[in-house]
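# Chains, contacts and geometry: an overview
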Amino acid sequence: MRIVGQLPTLTQRYDDKFATNRMLEAAGLPVARSFLMAPAARPGVCALADAEAALTQADLSFPLIVKPVRGRGSQGVTQVADLAALNAAAVALIANAKFGDTLIVEEYLDGDEVTVTVMPPVDGAYRALRPVRRFNQQDGVAPYNGDVAVTTNSAVIDEAELASLPMQAMLDACVRAAALVGARAVIRIDCRADASGDYKLFDLNMKPNMTGPGRPGRDDQDCLSAIAARADGWEFAQLLEAMLAAAW
Ligand SMILES: Nc1ncnc2c1ncn2[C@@H]1O[C@H](COP(=O)(O)OP(=O)(O)O)[C@@H](O)[C@H]1O
Ligand SMILES: [Mg+2]
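Quantities reported herein were computed from a predicted structural model and do not represent experimental measurements. (Residues numbered from 1 in each chain as written. Chains lettered and ligands numbered in written order. Predicted model: local features only at pLDDT ≥ 70, side-chain atom pairs only at ≥ 80, totals over all residues. Heavy atoms only, no water.)

## Let's talk about the overall build of the protein chain
When helices and strands are counted, the protein chain shows nine helices and eleven strands. Relative to the 2.2 N^0.38 estimate, which gives 18 Å for 248 residues, the radius of gyration of the protein chain is 18 Å and therefore close to what a compact globule would have. Projecting the C-alpha coordinates of the protein chain onto the three principal axes gives extents of approximately 50 × 40 × 35 Å. Per-residue burial for the protein chain yields a buried fraction of 47% across its 248 residues. Pairs at least 24 residues apart make up 63% of the contacts formed inside the protein chain by residues separated by at least 6 positions. For the protein chain, the accessible surface area stands at approximately 11800 Å², while carbon and sulfur atoms represent 54% of it. The average position of the 23 basic charges and that of the 30 acidic charges among the side chains of the protein chain differ by 7 Å. (Helix = DSSP H or I, 4+ residues; strand = E, 2+ residues; numbered from the N terminus. Rg over C-alpha atoms; globule rule 2.2 N^0.38 Å. Buried < 20%, exposed > 50% of the residue type's maximum accessible area, 1.4 Å probe, protein only. Contact = heavy atoms within 4.5 Å. Areas by Shrake-Rupley, 256 points an atom, 1.4 Å probe, with all protein chains shown as cover. Lys, Arg positive; Asp, Glu negative; His and termini not counted. Charge placed at Lys NZ, Arg CZ, Asp CG, Glu CD.)

Structure follows, in structure tokens:
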């Protein structure tokens, strides 16, 4: 029997955005800074009521991003401009209860957003596909692909951009991240530039969306990884074949 996919234990572990980012950070990769917050304090988690002190301690300032520890599809991801908005977003997210009571408060990276598909290892080496730029964020947040098809708000970067130093540094970090999470299948990492133009990783997806234009009426349903693959001249089916070739 052969398998196309990740080790389930690793998928579960790295579904936790906070733990994943701290692990990548400890390995020296550029990652968005953040801390955890919940209604009541516990080890490693700050109380909602102490948010202001926690921001000072973490040297974070507004605007910030509030989001679930294990979320997807941009659900519950909110950009907040001040303490009142941070509290309101946190209370709403916790009341919603869909994502548990612990949230991530993260530095808002206000620069260019790109997402990087990293192919599974061939002879031990990971390979990143062409970064795909995300644009038309809504209130700073890329919308769910079910609401806005990614083909309408995403496009591969050109070769000159690809050659730029910040992009190359980011790609290097993404390839290293794939090895650090023990990826055995395709992963996709969301990155954004900070004020100085350097990219930071903020969302590593162990099982990225892999839809394609498979049937009539769904011609615009390329996923972000399929958009990336087309830059290398791959049709969607060839991306699937490359995924199959990495069966273990
Ligand atoms: N730290 C951040 N800085 C800037 N934008 C962010 C940050 N975190 C999330 N976003 C925005 O919100 C979107 C969804 O957040 P993300 O962490 O990728 O969660 P999901 O798992 O739902 O994709 C991102 O694509 C990006 O547009
Ligand atoms: Mg994401």
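Now that the structure is up, let's keep going.
## Observations concerning the coordination of the magnesium ion (ligand 2)
A four-donor tetrahedral metal ideally has 109.5 degree angles, and a six-donor octahedral metal ideally has angles of 90 or 180 degrees. For the magnesium ion (ligand 2), the full set of protein donor atoms is Asp190 (OD) and Asp203 (OD), at a range of 2.0 to 2.1 Å. Taken together, the residues Asp190 in strand S10 (residues 187-193) and Asp203 in strand S11 (residues 199-205) connect sequence positions 13 residues apart. In this structure Asp190 comes out as buried when scored by relative accessible area, which is 8%. The buried category is assigned to Asp203, whose relative accessible area is 10%. (Donors = N, O, S within 2.8 Å, 3.2 Å for Na, K, Ca; no water.)

## What about the side chain of Lys200?
Of note, Lys200 is situated in strand S11. By relative accessible area, Lys200 is classed as buried at 16%. Reaching out from Lys200, the side chain makes a polar contact with the side chain of Glu107 at a distance of 2.7 Å. Discounting residues that sit within four places of it in the chain, Lys200 has contacts with Pro30, Val31, Ala32, Arg33, Glu107, Leu109, Asp190, Cys191, Arg192 and Asp194. (Polar contact = N/O pair within 3.5 Å; in protein donor to acceptor, adjacent residues only side chain to side chain.)

## Concerning the site of ligand 1
Taken together, 21 residues form the shell around ligand 1, and within it Lys17, Lys67, Ser74, Glu106 and Glu113 come nearest. A distance of 2.4 Å is found between an oxygen atom of ligand 1 and a side-chain nitrogen or oxygen belonging to Lys17. Contact between ligand 1 and Gly73: an oxygen atom at 3.2 Å from a main-chain N or O atom of the residue. Here ligand 1 loses 96% of its free accessible area of 540 Å² to cover by the protein chains. Secondary-structure elements contributing two or more residues to the shell around ligand 1 are strand S3 (64-68), strand S5 (103-107), S10 and S11. Taken together, the residues of the shell around ligand 1 sort by class into seven nonpolar, five polar and nine charged. When residues are assigned to domains, the shell around ligand 1 turns out to be shared by domain 1 (8-29 + 110-245) and domain 2 (34-107), each giving three or more. (Near = heavy atom within 4 Å. Nonpolar A, V, L, I, M, F, W, Y, C, P; charged D, E, K, R; others polar. Domains from an automatic or database assignment.)

## Describing the packing of aromatic side chains
Tallied over the entire structure, the rule returns zero aromatic pairs. Over the aromatic face of Phe18 sits the side chain of Arg22, whose NZ or CZ is 4.9 Å from the ring centroid. (Phe/Tyr/Trp six-rings, centres within 6.5 Å; stacked < 30°, edge-to-face > 60°. Lys NZ or Arg CZ within 6 Å of the ring centre and 35° of its normal.)

## Quick look at the sheet that holds strand S1 (residues 34-38)
By definition, the strands of a sheet pair up through backbone hydrogen bonds, in either a parallel or an antiparallel sense. Taken in spatial order, the five strands make up an open sheet running S2-S1-S5-S3-S4, and their pairing is mixed. Strands at the two margins of the open sheet, each flanked by one partner only, are strand S2 (45-47) and strand S4 (78-80). Direction aside, the axes of adjacent strands within the sheet are offset by 35 degrees on average. Where S3 meets S5, five bridges bridge the pair, whose relative direction is antiparallel. Paired with Pro68 across the two strands is Leu103, which belongs to S5. Running over the sheet, helix H3 (residues 51-58) touches S1, S2, S3 and S5 and is turned about 165 degrees from S1. (Pairing = 2+ DSSP bridges. Axes fitted to C-alpha atoms, helices over the stretch in contact; angles between N-to-C directions.)

## What to know about helix H4 (residues 83-96)
Helix length check: H4, at 14 residues, gives a terminal C-alpha distance of 20 Å against a target of 20 Å (1.5 Å per residue), a fit within 8%. Those residues of H4 that are buried lie in contact with S1, H3, S3, S4 and S5. Phi turns positive, to about 65 degrees, at Ala97, one or two residues after H4. (Expected span 1.5 Å × (residues − 1).)

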